[in-house]
Amino acid sequence: MTPAESTPATITIDPAFTVGPVRRRTFGAFVEHLGRCVYTGIFEPDHPDADEDGFRKDVLELTRELGVSTVRYPGGNFVSGYRWEDGVGPVDQRPVRLDLAWHSTDPNSVGVDEFAKWSAKAGVEPMMAVNLGTRGVQEALDLLEYCNIDGGTALSEKRRANGAATGYGIRMWCLGNEMDGPWQIGHKNAQEYGRLAADTARGMRMIDPGLELVACGSSGPTMPTFGEWERVVLTETYDVVDLVSAHQYFEDSGDLQEHLAAGHKMEAFIRDIVSHIDHVKSVRKSTKQVNISFDEWNVWHMSRGESKVPSGNDWPVAPVLLEDTYTVADAVVVGDLLVTLLRNTDRVLSASLAQLVNVIAPIMTEPGGRSWKQTTFHPFALTSRHASGTVLQLAVESPLVSGGTTADFAALSAVATYDAAKGEAVVFAVNRSAAGALTLDAAVGGLGNVRVIEALTYSNKDPYWQATADDSSSVLPAENVTAKADGGHLTAELPAVSWSMIRLAVEA
Ligand code: AHR
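None of these values were measured; they are calculated from a predicted model.

Details of the overall build of the protein
In terms of helices and strands, the protein carries 10 helices and 26 strands. For 508 residues, the compact-globule estimate of 2.2 N^0.38 gives 23 Å, and the C-alpha radius of gyration of the protein, at 23 Å, lies within 12% of that figure. With respect to the three principal axes, the spread of C-alpha positions in the protein is 70 × 60 × 45 Å. Taking all 508 residues of the protein together, 60% fall into the buried category. Pairs at least 24 residues apart make up 76% of the contacts formed inside the protein by residues separated by at least 6 positions. About 18600 Å² of surface is accessible on the protein, with carbon and sulfur atoms providing 52% of the total. Taking the 42 positively charged and 66 negatively charged side chains of the protein as two groups, their mean positions are separated by 5 Å.

Below, the structure written as structure tokens:
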């Protein structure tokens, strides 16, 4: 594609071709005891806008506006050294501990009871991780009993004494975190982890067979053990887990076109994981289907100063850590990653944007002060609000682009959802070209008569524009006046480096 010219790209949308349902759990997020995600993020009792439990009301409000479904807790790398018992009971008696994962100090003023309370206020489903780094089966069973048994046992009565009369009914449980990573406290090889995860899962199912359990998959496609890890772990756990996790982060290394390949790379990762799962399924001649929990994904500028962990004698409480400031281009990438997750809704059953507040997050706060939306907030909130019904399988014809080491990927990344009951179809379209616009021509005749209800595009002359506390709203998704539906075709101009959402009313 040459600069400044607009190139045609076509899609065909037909409700007869479907991928699967739009799942609310695709719009999950993640709250870890890391940096200022918990302390001065969701929880800040001294803040003027704190509620009676110490939660920031402004953050609760932004969380609801973001449209988050599930929230994974308490880590992350943090969970692999965590003693959940430290975070329950009278706050003034809770031990202060070193958090080895992030070289910080945790006062334990927030634990599972506070998180459950916060989740209820935010209207999100909690997703809990157990520590399989420094701990094992018994501690996982204890946490499950504490959380989910209504009463009549030692640990459930302890929870009742701590103020929660009934169990939390947490359905989704992660069996550890990134256990393939040498950085993980208690890192294990695939055989060791697979066996421990299977034993833990079997025990947890004895308490509640209906739990949805997630085994650790790989921490990214570049892990040297990727593939073999899934094979060995799933060979041990296939019958007792429902999902295998996937984690992937993307960084702008200075080549914008390469950065815009993120969705293409995620698509390839998902396809590979599916092959590894289905290989084990086939070898075991199993009729059961294990799927994917993509429970950490985002842009994370990992090599920048923001991610430098404290060291030496410095063990701060809630340090400024991983507080990346996002650009419009990063928001386009995040929008594309959501498009990719939706496009794979048949195999990706749950996903978590990592993370929710302050730490590589769409929501930022000042201690004692303001909160604001990063650029990445917008595509997430709009997709969560408007994607509904069924994900449609599209036929896409797109020019190709290349960037850095990634050659020949489609400039147009798109997905469409269709909600017959609502009489609405929504097209989410990303122009991944850094060089030129695309002229989108979508054949929509299969839907019947359509009319554009709303067309929004997020792009900017300077794709590196960033939102700050002082100016978070001068560049927002704006009306795309070029979007028109006529004679069975929807057409729209998609600027270079842009994310768009076009909502169509469909006549019955
Ligand atoms: O989300 C930040 C960190 O990234 C998590 O703690 C860890 O699981 C991953 O490596």
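Focus: the sheet that holds strand β22 (residues 450–458)
Pairing in this open sheet of seven strands is antiparallel, and the strands run β2-β15-β19-β20-β26-β22-β23 from one edge to the other. Lying at the two open borders of the sheet, with one neighbouring strand each, are β2 (18–21) and β23 (478–479). Contacts from helix α9 (residues 328–343) reach β2, β15 (390–392), β19 (412–419), β20 (424–431), β22 and β26 (498–506) within the one sheet, and its direction differs from that of β19 by about 55 degrees. Contacts between helix α10 (residues 377–386) and the sheet are confined to β19, β20, β22 and β26, with β26 contributing the most and set at about 20 degrees to the helix.

Points about the domain arrangement of the protein
By domain assignment, the protein separates into domain 1 (6–16 + 391–507) and domain 2 (23–386). Inter-centroid distance (C-alpha atoms) of domain 1 to domain 2 is 30 Å. The interface is formed by 43 residues belonging to domain 1 together with 34 residues belonging to domain 2. Carbon and sulfur atoms supply 65% of the area that domain 1 and domain 2 bury against each other, a total of about 3200 Å² over both sides. Of all residues in domain 1, R432, Y458 and W499 give up the largest surface area on contact with domain 2, accounting jointly for 18% of the area buried on that side. Linking domain 1 with domain 2 are two salt bridges, by the criterion used here. R370 is the partner of D470 in a salt bridge, and the nearest nitrogen-oxygen pair spans 2.8 Å.

A few points about the site of the ligand
The environment of the ligand is made up of F30, E32, G76, N77, W102, N177, E178, Y249, E296, W300, Q355 and I360. Expressed as a share of its isolated accessible area of 280 Å², the protein-covered part of the ligand is 96%. A per-class count over the shell around the ligand returns five nonpolar, four polar and three charged.

A few points about the side chain of R135
Tracing the backbone shows R135 in the loop between β7 (125–130) and α3 (137–148). Reaching out from R135, the side chain makes a polar contact with the side chain of E85 at a distance of 2.8 Å.

Some words on helix α2 (residues 112–122)
Counting buried residues along α2, eight of its 11 residues qualify, which places the element largely inside the surrounding structure. Inspection of α2 places V112, D113, E114, F115, A116, W118, S119 and A122 among the buried residues, and these make up the whole buried set. Looking at the buried positions of α2, the neighbouring elements they touch are α1 (57–66), β4 (70–73), β7, α3 and α4 (154–161). Of the residues trailing α2, G123 is marked for its positive phi of about 75 degrees.

Structural notes on α10
With nine of its 10 residues buried, α10 lies for the most part within the structure. Among all positions of α10, only F377, H378, P379, F380, A381, L382, T383, S384 and H386 are buried.

Comments concerning the packing of aromatic side chains
Applying the stated criterion across every chain yields a total of 12 aromatic pairs. Plain terms: the ring middles of F27 and F380 are 6.1 Å apart, the flat faces sit at 85 degrees to each other, and that makes the pair edge-to-face. Of this pair, F27 sits in the loop between β2 and β3 (28–30) while F380 sits in helix α10; the two residues are 353 residues apart in sequence, bridging distant segments of the chain. Here F27 falls in the buried class, since its relative accessible area comes to 0%. Judged by relative accessible area, F380 falls into the buried class, the value being 0%. When the centroid spacing of 5.1 Å and the interplanar angle of 45 degrees are considered together, the rings of W84 and Y146 count as tilted. Of the two residues, W84 is situated in the loop between β4 and β5 (97–99) and Y146 in helix α3; the sequence distance between them amounts to 62 residues. One exposure class covers both W84 and Y146, and it is buried. Cation over ring: R72 sits above F30, and NZ or CZ is 4.7 Å from the ring centre.

Description of the state of the cysteines
One covalent bond between the sulfur atoms of two cysteine residues makes up a disulfide. The full count for this structure, using the stated rule, is zero disulfides. We note that C147 lacks a disulfide partner, and the nearest cysteine sulfur, in C174, lies 13 Å from it. Exposure remark for C147: the relative accessible area of 0% places this residue in the buried category. C174 takes part in no disulfide bond, and the closest cysteine sulfur, belonging to C216, lies 7.5 Å away.

What about the packing of helix α8 (residues 262–283) against α9?
α9 packs onto α8 with a crossing angle of 30 degrees between their chain directions and a minimal axis gap of 8 Å. As far as their axial angle goes, α9 and α8 are roughly parallel. The way α8 lies across α9 gives a crossing that is right-handed. Of α9, the residues touching α8 (which contributes A262, G263, M266, E267 and I270) are V333, D336, L337, T340, L341 and R343. In terms of residue class, the contact of α8 with α9 is built from six nonpolar, two polar and three charged.

About the cut-offs
- Starting afresh in each chain, residues are numbered from 1 along the sequence in its written order.
- Only residues with pLDDT of at least 70 are given local features in this predicted model, and only at 80 or more are side-chain atom pairs given and counted; all residues enter the totals for whole chains, interfaces and linings.
- As a rule here, side-chain values come from all non-hydrogen atoms in the structure, and water together with hydrogens is ignored.
- By definition, any uninterrupted DSSP run of H or I lasting at least four residues is a helix, any uninterrupted run of E lasting at least two residues is a strand, and each is numbered from the N terminus.
- What the globule rule says is 2.2 Å times the number of residues to the power 0.38, and the radius of gyration is computed from C-alpha atoms.
- Only protein chains enter the accessibility calculation, which uses a 1.4 Å probe. A residue is then buried if its area is under 20% of the maximum for its type, exposed if over 50%, and partly exposed in between.
- We call two residues contacting when some pair of their heavy atoms lies within 4.5 Å.
- Accessibility throughout is a Shrake-Rupley quantity obtained with a 1.4 Å probe, and a residue counts as covered only by protein chains that appear here.
- We treat Lys and Arg as the positive residues and Asp and Glu as the negative residues; His and chain ends play no part in the count.
- Think of each charge as sitting on NZ of Lys, CZ of Arg, CG of Asp or CD of Glu.
- Following DSSP output, two strands are said to pair if at least two bridges run between them.
- Angles shown run from 0 to 180 degrees and are taken between the N-to-C directions of axes, each axis being a line fitted to C-alpha atoms and, for helices, limited to the stretch in contact.
- For each domain, the first and last residues come from an automatic or database assignment.
- We define buried area as the total accessible area lost by two parts upon association, computed with a 1.4 Å probe and summed across both.
- The term salt bridge refers to a pairing of a side-chain nitrogen on Lys or Arg with a carboxyl oxygen on Asp or Glu at a separation within 4 Å.
- Proximity is defined per residue: any heavy atom of the residue falling within 4 Å of a molecule or strand makes that residue near it.
- Amino acid classes used here: Ala, Val, Leu, Ile, Met, Phe, Trp, Tyr, Cys and Pro are nonpolar; Asp, Glu, Lys and Arg are charged; the rest, including Gly, are polar.
- Polar contacts, as used here, are pairs of N or O atoms within 3.5 Å; protein pairs need one atom able to donate a hydrogen and one able to accept it. Residues neighboring in sequence count only if both atoms are side-chain atoms.
- Each aromatic pair joins two rings of Phe, Tyr and Trp (for Trp, the six-membered one) with centres within 6.5 Å, and gets the label stacked for planes under 30 degrees apart, edge-to-face for over 60, and tilted for any other angle.
- Both a distance and an angle decide whether a charge sits over a ring: NZ of Lys or CZ of Arg must be within 6 Å of the ring centre and within 35 degrees of the ring normal.
- Any two cysteine sulfur atoms lying within 2.5 Å of each other are counted as a disulfide.
- Should an angle fall under 35 degrees it is called roughly parallel, over 145 degrees roughly antiparallel, and 65 to 115 degrees roughly perpendicular, with every other angle called oblique.
- Two helices cross in a left-handed way if the nearer one is turned anticlockwise from the farther one by less than a right angle. They cross in a right-handed way if the turn is clockwise.

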